[in-house]
Amino acid sequence: MATKSCRTGLIKQWWRLLIILLTPIILLPLPLIIRKIQIRCAYVVLILSIYWVSEAMPYAVTSLLPLFFFPMAGILPSKRVGTNYFKDITILFVGSMMLAQAIEQVGLHRRLALFLLSVVSSSIKWIMAGLMGVTAFISMWINNSAATSIMIPAAIAIIDELQKHHDKVQEQTATQHNKKHITFEEDVVRIEVNVAFDDSLYMEPKKTEPSIAKPEHCSNTPINSMKKNHIDYQQLKTGFLIAVAYSAAIGGLATLVGTGPNIFVKGFTDDFYSKGRHAFEISFTNFLLFALPIGVIMLIFCWLWLQLLYNRRELLPWLRKDQNDVESQHHLQSVLRKQYRDLGSFNWSEYTITILFLLMVALWTTREFSSYSGWKVIFRKDYVTDGTIAMLIGTLPLILPDKNPFDKKWEYHPILQWDQVCKTFPWGVFMLQGAGLAIADGFETSNLSATLATLLQFVVGASHIIVIFVTILISAIFTEFTSNLTCASILFPVLDSIANTANIHAARLILPSCMAVSLSFMLPIATPPNAMIFSSGSVKIIDLIKVGFVMKIIGIVIILFSSMILLPPIFHIYPLAPIVDDTLLFNNSISQGN
């Protein structure tokens, strides 16, 4: 037994190193036996996929491996691999992230959260709706992890404040139940909305103890008579935390800059579908028209499902409500309003960043209108992109002053310091996007896509809706075990092969897959927001599975219907059959002419 225990301990200690060393060795017979460039490319992609899925090394480190794997395997020259790591989508990502850090720096996220939470109804169901709406909106413009880390402390503080007030009312009622009015010293839990890129808030689980011990001798008090109507605040906290994580995921899929796969699909499309029979274009506007309805519908269904699980007593009108709970909710709303008033009026930096944010969204949405050109006609054709706008606006916080330059004691300091950007910038995601584009480039150059297409002949006779459904299902399942961006990086080249084999326009597989890889709801390892709420100590794996399984099914159905109804008119996608026939006739005529 001691020997077995020792071996188990060694494996736990060495498993990462064993995977790193053994994976290339075990797969080595592939390129040695079959000496083709397609197999060499498959060999590299399999190694990268195993490293990413197993997390044997940080995903950012794995993302650097294509820079020397592809040149050494004779798949892509070093110069070409390097260009994949800094393209137009990289500019879009960098610019939008710099503005997101500026929003966090000046505290706009906290002002927005407190404002919306203070104006919604005092009932728990509408407070949760407000919290989800704020989280989803923030996540539309900054990454999901940042949005979640911003709102987790707010969710916890809201429930703690409700419980604290309810317990004080119970204590006063137990001791002074003959008095008509209850008075007590107000000691509120501050509703904190902290910095976007600080993990310290959720890495240490907080175990909150009930502030008032329940007296055993009060069995005949009004409090105990309403025990069956009492809110389970621990369960409610679980529901609120899950609401934050899921809202961040749903909000992220709604805009082109909301999450990594959305930015990646833009770059993938620009590189591989700018011309040819699968040609289509993704812009900020047409992506928003497609993805925003999906996000809004999913957010509504998520809210309803969470109410049924954790707050059905408010959702179902025939269930009686505890008067103390109602008073606690009114008290919470007054606390939120007071804290919002304490913020005061907008300062110079907040005004500046608000204007920049609105300007960036306006420029993105008016650059072009589907098939009509917007303000981009002022410049040379295809010179100005969404990445150009993001970098222009994202750079300005590094230049513009943080205070009014007309003040007497003004000293120049930029709103956002470059040193701060370097420390908090998500370099891992930056590298992962480059690795994904390098893999796609390797697929095309090595002709691995065509090889996969020949292996996927079984999908030729399948209905298009079946192929799209299977694509969404596989993407939604795969994303539970690896990051959504990694999932997209691996799946998109394969989906390109399936599209060619099944004679389906690539957009009808790539875009639904892009949406589906954000449906990572069921496991803590699936996405950082899930890990954050799990590490709080208030959410168990069974909670995530219970809520996430239903949300995944809902998401799959919504994405499937949207892909069939919204996608073709928005992206001008038409059936490929006539184009394929014309192409074959054209090629045959050329062959006969020669």
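Anything mentioned here points back to the structure above.
Because the structure is a prediction, the values reported are computed rather than measured. (Residues numbered from 1 in each chain as written. Predicted model: local features only at pLDDT ≥ 70, side-chain atom pairs only at ≥ 80, totals over all residues. Heavy atoms only, no water.)

Side note on the packing of aromatic side chains
Here the distance between the centres and the angle between the planes together describe a pair of aromatic rings. On inspection of all chains with the given rule, the structure shows 19 aromatic pairs. Arranged with centres 4.9 Å apart and planes meeting at 45°, the rings of F268 and F272 form a pair that is tilted. A residue pair is termed a helical-turn pair when its members lie 3 or 4 positions apart in one helix, as F268 and F272 do in helix α14 (residues 260–272) at 4 residues. Each member of the pair, F268 together with F272, is buried. A network of ring pairs unites the aromatic residues F264, F268, F272, Y273, F280, F290, F492 and F571 as a single cluster. (Phe/Tyr/Trp six-rings, centres within 6.5 Å; stacked < 30°, edge-to-face > 60°. Helix = DSSP H or I, 4+ residues; strand = E, 2+ residues; numbered from the N terminus. Buried < 20%, exposed > 50% of the residue type's maximum accessible area, 1.4 Å probe, protein only.)

Examining the packing of helix α21 (residues 427–446) against helix α24 (residues 484–502)
Taken N-terminus to C-terminus, the directions of α21 and α24 make an angle of 10°; their axes are 9 Å apart at the nearest point. One finds that α21 runs roughly parallel with respect to α24. In this structure, α21 contributes V429, L432, Q433, G436, I439, A440 and F443 to the contact, and α24 contributes L485, T486, S489, P493 and V494. Each residue belonging to the contact of α21 with α24 can be placed in one class, and the counts come to 8 nonpolar, 4 polar and no charged. (Axes fitted to C-alpha atoms, helices over the stretch in contact; angles between N-to-C directions. Parallel < 35°, antiparallel > 145°, perpendicular 65-115°, else oblique. Contact = heavy atoms within 4.5 Å. Nonpolar A, V, L, I, M, F, W, Y, C, P; charged D, E, K, R; others polar.)

Observations concerning the side chain of N286
Turning to its location among the elements, N286 is positioned in helix α15 (residues 284–310). Within polar-contact distance, the side chain of N286 engages the backbone nitrogen of S283 at 2.8 Å. Dropping the residues within four chain positions of it, N286 is found in contact with E281, I570 and F571. (Polar contact = N/O pair within 3.5 Å; in protein donor to acceptor, adjacent residues only side chain to side chain.)

Considering a nonpolar patch on the surface
A grouping of W14, L17, L18, L21, L22, I25 and I26 is seen on the molecular surface, where their side chains present a nonpolar patch of about 690 Å² in accessible area. Mapped onto the secondary structure, W14 falls in helix α1 (residues 2–27). Residue classification places W14 among the partly exposed residues on the basis of a relative accessible area of 44%. (Patch = residues over 30% accessible without salt bridge, like charges linked within 9 Å, V, L, I, M, F, W, Y side chains within 5 Å. Areas by Shrake-Rupley, 256 points an atom, 1.4 Å probe, with all protein chains shown as cover. Salt bridge = Lys/Arg side-chain N within 4 Å of Asp/Glu carboxyl O.)

Honestly, that's just the spatial picture; any functional story needs more than this.
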